[in-house]
Amino acid sequence: MMQYKLVVLDMDGTLLNNEHHVSNANKKVIHRLKIEGTSVVLASGRPYESIYPYVKDLDIDLIYPSLQQMVP
């Protein structure tokens, strides 16, 4: 199986379900990726304060908040 070095996840409509929660299945995948040495990054247009609870819960390495700006 190919090992990824970096996985970047969008939050709304991708990582989060309709109730704005991370499913147990997604939590397990993120945990497995981290064990395998993959860096996991959250990308979002949300402000940092809104992302932080997810970062803490998932033990995320990095975040990339774009604050609803276009990022080249």
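J.: Go over the pattern of salt bridges with me, naming the residues and quoting the values.
T.: Throughout the structure, instances matching the rule amount to 3 salt bridges. Taking the shortest distance from any N to any O, the salt bridge between Arg 46 and Asp 12 comes out at 2.7 Å. With a gap of 34 residues between them, Arg 46 in the loop between strand 2 (39-44) and helix 3 (48-58) and Asp 12 in helix 1 (residues 11-15) connect regions that are remote in the sequence. Of the residues examined, Arg 46 reaches a relative accessible area of 16% and is grouped as buried. In this structure, Lys 27 and Asp 57 form a salt bridge, with 3.4 Å as the shortest nitrogen-oxygen distance. Here Asp 57 lies in helix 3 and Lys 27 lies in helix 2 (residues 24-35), a separation of 30 residues in the sequence.

J.: Can you tell me about the confidence of the model for the chain, naming the residues and giving the values?
T.: For the chain, mean pLDDT is 85; residues scoring 70 or higher make up 88% of the total. At the level of individual helices and strands, the chain shows its lowest average pLDDT in strand 3 (residues 62-65), which scores 70, and its highest in helix 2, which scores 95.

J.: Can you explain the packing of aromatic side chains? Please cite residues and give values.
T.: One pass over the full model with this rule turns up 1 aromatic pair. Pairing Tyr 48 with Tyr 52 gives two aromatic rings, centres 5.7 Å apart and planes at 45°, and the pair type is tilted. With Tyr 48 and Tyr 52 both in helix 3 and 4 residues apart, this pair spans about one turn of that helix. Taking the relative accessible area as the measure of exposure, Tyr 48 reaches 39% and is therefore partly exposed.

J.: Talk me through the pairing of strand 2; I want residue IDs and the actual numbers.
T.: Remark: a regular strand shows side chains that alternate across the two faces of the sheet. Counting buried positions over the 6 residues of strand 2 gives 5, a clear majority of the element. Pairing between strand 1 (residues 6-10) and strand 2: 5 bridges, direction parallel. Within strand 2, the position partnered with Leu 9 by the bridge is Leu 42.

J.: Give a detailed account of the nonpolar core, specifying residues and quantitative values.
T.: Judged by nonpolar contacts, the single largest core of 15 residues is most densely connected at Leu 9, Leu 15, Ile 30, Leu 42 and Ile 60. Secondary structure elements with two or more residues in this core: strand 1, helix 1, helix 2, strand 2 and helix 3. Ranked by residues supplied to this core, first place goes to helix 3 with 4 residues. The contact partners of Ile 60, leaving out residues within four places of it in the chain, are Ile 30, Val 40, Val 41, Leu 42, Tyr 54 and Val 55.

J.: Kindly report on helix 3, identifying the contributing residues and their values.
T.: If you check which residues of helix 3 are buried, you get Ile 51, Tyr 54, Val 55 and Leu 58. All buried residues of helix 3 fall inside an arc of 105° around its axis, so they share one side. Turned more than 90 degrees away from the buried face of helix 3, the exposed residues are Glu 49 and Lys 56. At the exit of helix 3 stands Asp 59, carrying a positive phi of roughly 55°.

Rules used in this analysis
- All residue numbers refer to positions counted from 1 along the written sequence of the respective chain.
- At least 70 in pLDDT is required for a residue's local features to be given in this predicted model, at least 80 for side-chain atom pairs to be given and counted, and no such filter applies to totals for whole chains, interfaces and linings, which use all residues.
- To obtain the side-chain values, all non-hydrogen atoms of the structure were included, while hydrogens and water were left out.
- A pairing counts as a salt bridge when a side-chain nitrogen of Lys or Arg comes within 4 Å of a carboxyl oxygen of Asp or Glu.
- A run of H or I in DSSP becomes a helix once it reaches four residues, and a run of E becomes a strand once it reaches two; helices and strands are each numbered from the N terminus.
- Summary of the burial criterion: residues with accessible area below 20% of their type's maximum are buried, those above 50% are exposed, and those between are partly exposed, where the area comes from a 1.4 Å probe applied to protein chains only.
- Confidence of the prediction at every residue is given by pLDDT, a number between 0 and 100.
- For Phe, Tyr and Trp, rings pair up if their centres lie within 6.5 Å, where Trp contributes its six-membered ring, and each pair is then called stacked (planes under 30 degrees apart), edge-to-face (over 60) or tilted (otherwise).
- Pairing between strands is defined by DSSP: at least two bridges between them are needed.
- Take the buried residues of types Ala, Val, Leu, Ile, Met, Phe, Trp, Tyr and Cys, join any two whose side-chain atoms come within 4.5 Å, and each joined set is a nonpolar core.
- The contact definition used throughout considers only heavy atoms, calling two residues in contact when any of these lie within 4.5 Å.
- In this context, the arc is that of the directions from the helix axis out to the C-beta atoms.

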